[in-house]
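Topology and contacts: notes
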Amino acid sequence: LDFSWLRAGDGVLEASVVADAFCRSMVRALVGAVVPVGEGRAPVEWPAQVLLAGRRHPGVVVMPAHGLSLEEVTYPSDVEVGGRATAARLRRILDRD
């Protein structure tokens, strides 16, 4: 739902990821997709191209977990939880012509 960055007052870069579901190593892969851009090794468009390809890209390094902090987990209300569970199980089929 949201993947954003900010530079803290001490110069440290902070990433924020907000999602309604997470895959294994998803946040670490997201960070690994943008680090090459920040280091000048990939063009700014590269992470979007990787995302649109719909499959893991060998150039995306899953970053180490150190430095990552889980700050908050929230759940839908009791009324919404069933619908969210169904939606989370749906799989999108990509047209790969």
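Here goes a summary of the coordinates provided. Computed from a prediction, not measured in an experiment: that's the story for all the values here.

Concerning the overall build of the chain
Secondary structure assignment for the chain yields three helices and two strands. Of the regular secondary structure in the chain, the N- to C-terminal order runs β-β-α-α-α. Here the C-alpha atoms of the chain give a radius of gyration of 16 Å, more than 25% beyond the 13 Å that 2.2 N^0.38 yields for 97 residues. By principal-axis analysis of the C-alpha atoms, the chain measures approximately 45 × 45 × 20 Å.

What to know about the pairing of strand β2 (residues 13-18)
Successive side chains on a regular strand alternate, one facing one side of the sheet and the next facing the other. Alignment of strand β1 (residues 2-7) against β2, held across six bridges, turns out to be antiparallel. Residue pairing for β2: Asp 2 is matched across the bridge by Val 18.

A word on the environment of Gly 38
By the secondary structure assignment, Gly 38 is in helix α1 (residues 26-38). Along the sequence, Gly 38 and Ala 87 sit 49 residues apart, while their C-alpha atoms lie 34 Å from each other.

Basis of the calculations
- Residues numbered from 1 in each chain as written.
- Predicted model: local features only at pLDDT ≥ 70, side-chain atom pairs only at ≥ 80, totals over all residues.
- Heavy atoms only, no water.
- Helix = DSSP H or I, 4+ residues; strand = E, 2+ residues; numbered from the N terminus.
- Rg over C-alpha atoms; globule rule 2.2 N^0.38 Å.
- Pairing = 2+ DSSP bridges.

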